[in-house]
Each structure stands twice: as C-alpha cells, then as structure tokens.
Amino acid sequence: MDQATEDLILKVDSQLLQTDVEEMLNSEKELKEILIDIVTWIEYKSENDILTSILLYNKKTNQLFIGAAPSFPDHYNTAVNGFSAGPVAASCGTAAFFRKQIIVDDIATDPLWKDYKSYALVEDLRSCWSTPIFGANDELLGTFAVYYTEPRKPTQNDLTLIDGLVDVTASAIEARRN
C-alpha cells in the first residue's frame, strides 16, 4: 500500500478549514453549529470512511459532552455523552485524563475500551484516535477523535493533519467561549 492510500485523512486542507472557521466566527453561528460544520467538512474532504467527533470538557464535573458528532447514531451519542475522563475511559476519556493523544488501533481488544466497546463495536467502530484540545492557557477544552471501521494505526501524515485540525477546533471553541 502506498502512502497516499495508507493515509486515513486525505486531501484535508487545514488552511482552507481555518479560513472557513474564521468566516463562521465572524457570523452569528453558535459554537455547536461551527463544530458540526468542522467535523462534517473533515469527513467530506477525507476521501475515506471516517467518523469524527468533538467532545467538550467540563472541568467542574470532569465530564466530556458531545460538541459535535453528527455522523454517529443518536443512541451511541446518548451512551457516551457525559462520561467521565479517567485512566481507562475509551480513547477520549483517557486522552482527556492524561492530557495526551491516545491511539487505539483495535477497539475490540484494547483494555481502554473494556467498558465502552459494546457501544462502539455494534456500530462497526474498530479504531479510535483521540487528541486533547487545549486552549491558549493550556486549559483542556475537549477532545477531537477520528474513528475508522477497521483496526488501524494512523500514518505520520494523519497525525500531522490531526494536529492542524485540533488547532482550528481550539480556536473556534475559545472564540465562542470568550
């Protein structure tokens, strides 16, 4: 498999997304609408069957809430909405807890998903890579996750693109919170 077909996220121009997000921030759009537009744009542009989500962190309760996950079934979103960050809390909860990127290449066998895999596997979600979203003052804002329907690890290109997407998402969250 060559690099172009190995990369999960293809042809996502994060500079173009940044420009689109800046235009949205200049409008009256609510944060939820902007976040939905971001994940929808990423999924459309990727050329692969990925699902993406943005969860927002509530530091008072140590919980993650759905910011945007329009491609996921409602019952999956309901099941994961409001779960606590922790050391064994799937990809997103663990990423929030340890404040670092968590790569799970096989949800079915990874111990981080032991309490959550039944929700994911029934939806054919097999891998999940979650990256914490930080604000300017290193405040945890949430997580950005990429899901795939087969077990796999990200390529270096995927990781670079995810970093750019997380930065764009952080700027949108901070702009609407201020």
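Procedures and definitions
- Residues numbered from 1 in each chain as written.
- Predicted model: local features only at pLDDT ≥ 70, side-chain atom pairs only at ≥ 80, totals over all residues.
- Heavy atoms only, no water.
- Helix = DSSP H or I, 4+ residues; strand = E, 2+ residues; numbered from the N terminus.
- Salt bridge = Lys/Arg side-chain N within 4 Å of Asp/Glu carboxyl O.
- Buried < 20%, exposed > 50% of the residue type's maximum accessible area, 1.4 Å probe, protein only.

Colleague: Outline unusual backbone geometry, listing residues and values.
Modeller: Of note in the backbone geometry, N62 takes a positive phi value of approximately 60° without being a glycine. Positionally, N62 belongs in the loop between β1 (50–58) and β2 (63–68). Its identity is not glycine, yet A90 carries a phi of approximately 55°, on the positive side. As for its position among the elements, A90 is in helix α5 (residues 90–98).

Colleague: Can you tell me about the pattern of salt bridges, naming the residues and giving the values?
Modeller: Following the criterion strictly, the structure yields 7 salt bridges and no others. The salt bridge involving E139 is made with K59; its shortest N-O contact spans 3.9 Å. Of the two residues, E139 sits in the loop between β5 (127–134) and β6 (140–148) while K59 sits in the loop between β1 and β2, which places them 80 residues apart along the sequence. Classification of E139 as partly exposed rests on a relative accessible area of 32%. In this structure, D115 engages K114 in a salt bridge whose closest nitrogen and oxygen atoms are separated by 3.5 Å. Among the residues examined, D115 registers a relative accessible area of 48% and is labelled partly exposed. The exposure class assigned to K114 is exposed, which follows from its relative accessible area of 53%.

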